Amino acid sequence: MARVKTLSLYEAVMNQARISFLLKLSSLLCLLALIFTVSPVLAAGMDDDKALNLTTLSLEQLMEIEVPTVYGACKYDQKVTDAPASVTIITAEEIKKYGYRSFAEILRSVRGFSVSNDRNYQYLGVRGFSRPGDYNSRVLLLIDGHRLNNNIYDQAPIGTDFPLDVDLIDRVEVIRGPGSALYGTSAFFGVINVITRQGKDLKTLEASGSAGNQETYSGRLSYGNKLPGGLEMLVSASRYDSEGEDRLYFKEFDALGDNNGIAEHADGDSSYSLFSRFTLRDLTLTGAVSSREKVIPTGAYQTVFNDPRNRTTDAYGYLDLKYSHRLEEQGEVTARAYYENFRYRGDYIYNGELEGDPLQVNKDFADGEWVGFELMATRRFFDKHQLTTGLENRYNLRLDQRNYWVEPFESTLDDQRSSNIYALYIQDEYQILSNLSLIGGVRYDHYNSFGGTSSPRLALIYKPYEKSIFKFLYGKAFRAPNVYELFYADGVYYRANPDLNPERITTTEVVYDQYLGEHFRSTLSAYYYQIKGLISQQLGPDDLLVYENTETIQARGIEAEVEVRWADGLQGRASYVLQQAEDKETGLTLTNSPRHQAKVNLNIPLVKQKLFAGAEVQYTSTRKTLLRNDTGGFTTTNLTLFSQNLVPGLDLSASVYNLFDKNYGDPVAGELQIDPEQPELGLDTVAQDGRTFRVKLSYRF
């Protein structure tokens, strides 16, 4: 793909005819892999006339292209070509046409991203870094600019604990690279900003429901509108329930006392979410509440295997009041105040000390509560400078962690804290020449626990031709240790380490984007990053798990992607990633880090603007587990048929996931080891779902 892209640029500046030829060639290569996975029936619906029409366009027409915009890169709307980062936009249209059931499935489709699942939580990997058991604390997740990472684990919920129905997403902005210069902690590998649909877009009542195997059902009821007085509203409620796999086999538990290694009816997952937003002129009030309960089938933390009482519950809610006023002279002032809370409950069942003793119940708790304020202003000066500055303050009212045994009662942890964080940041976008801009910024964060830290970034963006963009990016980011890593200690498995320091990353990246016509885009990026003082879970000399600042990590990689879109709905995207992430001292490849990733998406209109066929193929090469075993590579294929307005207001889709029923497993964290003293006998990977399906119906009244 990289060679195709390079040739396209060269020919673009030479003559129109050769551009047309390369466009066709690039498009064919982009879609070639899909031909093997899309049935002839689907291919028959392709409108060949559209491809042919591309060859008749003039050079001026070829260079006219609609470039998507992004807000999260600089905290103001700008074209992705002007953003100081490599950006991917996933639209609501793609979410529907590829049948994405969860936010995790959306992110799994993104270039350079991966998602693993230990059948309790889902974990996001970015550019070769994905620590099993890390709660996505190294990626900042936002909904309309509001931070979602909670204050106990810095966890970014991406699975069924994500507090927003994917039907309410307008687009997802994926902004790669360190973002601490604007956002502070957790913006380590990138920022993901979810832009929600506007109430006026719904115009009325909207309902949807779905059913699939594993006794999986979901439903949503939403109302949105803009009233004559100017009040715009969106109110929505969603429910999800799944029995999960009714029989899961784990060879590590294959013994008579453990039901021969079969976990029966122990994979259930249920959740609900409520979302509302009211906008009147410059004021917007947003509220969200969600709760999710998951049964754990893996015997994690040495609990009793095949006992469905092992489960976790995560609840989250926030209220956000935002004032945003656009100035007459290309500027904007934004103020935001918010309240949030997070609650975690874990029920774990253990055998008694002696054979015949009753089972023991362990309760694990976390309660977070915090308030915050943010003030930001951006304005253009002297026609060449776009200045952005702001301040933030967050006060953690509650940072509570508890753990106890029920009968007989024994408290092993009761840690209650509060903390305060404030930050200042400034950034300037300097338009040096019409085709050359420099973006520089820095943010200072101060924690009352360990002091202050600064995070700078620089970006030079050069456009030798209108649609040829080169970006030279440099940035630093940090992740502060969270209270779980600092203070969780139950005396049985974990020991606290209040001396932890922030971990830091330095990233250098070069990005080359090429747009041609209204239909073709390509990108090529090369990066290198180094992490110092990585916060990592270790087994201490007292045989207790403890978080420590340990190894230095380095990684390098190349990412290539091509994308084609036509007006009638035919679209495709293909990407390939080559990456190497390793411990700098030992040279060992990181766990759960695939060296190769390839992804292909194709959506074909079968009946113009009415019926579409979507195919998605994803390849992941082998990964190392904690025990240094190889998981083996795997390829999954998903197919979706989607229709819209066959009957006015009615959308219908049918999807098959993992079409070829590929068997594969994801590496897991040390908490899932059966016996830490004999890890070689422990659970190393967790099997993922085979072939599943879903039928979904949506109706706008």
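If you're wondering where the values come from, they're calculated on a predicted model, not measured in any experiment.

Thoughts on the overall build of the chain
Within the chain, the secondary structure is distributed over 10 helices and 38 strands. By sequence separation, contacts in the chain at least 24 residues apart represent 63% of the contacts at least 6 residues apart. As displayed, the chain has an accessible area near 28,800 Å², and 56% of this comes from carbon and sulfur atoms.

What about unusual backbone geometry?
At the junction of Glu 407 and Pro 408, the peptide bond is cis and its omega measures out at -5° in the coordinates. Structurally, Pro 408 is set in the loop between β20 (385–405) and β21 (410–415). Backbone geometry places Tyr 301, a non-glycine residue, at a positive phi of 60°. As for its position among the elements, Tyr 301 is in the loop between β16 (283–295) and β17 (311–327).

Looking at the sheet that holds strand β7 (residues 146–147)
Here five strands make up an open sheet; going across it, the order is β3-β8-β9-β6-β7 and the pairing mixed. Each edge of the sheet is formed by a strand with only one pairing partner; in this case those strands are β3 (87–91) and β7.

Side note on the pairing of strand β6 (residues 140–143)
Burial along β6 is two-sided: the face carrying Leu 140 and Leu 142 and the face carrying Leu 141 and Ile 143 are both buried. Sheet topology note: the β6/strand β9 (residues 190–196) ladder contains four bridges and is parallel. What sits directly across from Ile 143, in β9, is Val 194. Bridge count between β6 and β7: two bridges; the pairing is antiparallel. Bridging across to β7, Ile 143 finds its partner in His 146. Between β6 and the antiparallel strand that follows it, β7, lie two residues; Asp 144 among them carries a positive phi value of about 50°.

A short note on the pairing of strand β35 (residues 650–657)
Side chains Asp 651, Ser 653, Ser 655 and Tyr 657 of β35 all project onto a buried face; the interleaved residues Leu 650, Leu 652, Ala 654 and Val 656 project onto a face where none is buried. The pairing of strand β34 (residues 634–644) with β35 spans six bridges and is classified as antiparallel. Bridge assignment links Ser 643 to a residue of β35, and that residue is Leu 652. The turn joining β34 and β35, which pair antiparallel and follow one another in sequence, is formed by five residues; a positive phi near 60° is taken by Asn 645. In this structure, β35 lies alongside strand β38 (residues 692–700), joined through eight bridges in antiparallel fashion. The partner of Tyr 657 across the bridge, within β38, is Thr 692.

Conventions and cut-offs
- Residues numbered from 1 in each chain as written.
- Predicted model: local features only at pLDDT ≥ 70, side-chain atom pairs only at ≥ 80, totals over all residues.
- Heavy atoms only, no water.
- Helix = DSSP H or I, 4+ residues; strand = E, 2+ residues; numbered from the N terminus.
- Contact = heavy atoms within 4.5 Å.
- Areas by Shrake-Rupley, 256 points an atom, 1.4 Å probe, with all protein chains shown as cover.
- Pairing = 2+ DSSP bridges.
- Buried < 20%, exposed > 50% of the residue type's maximum accessible area, 1.4 Å probe, protein only.

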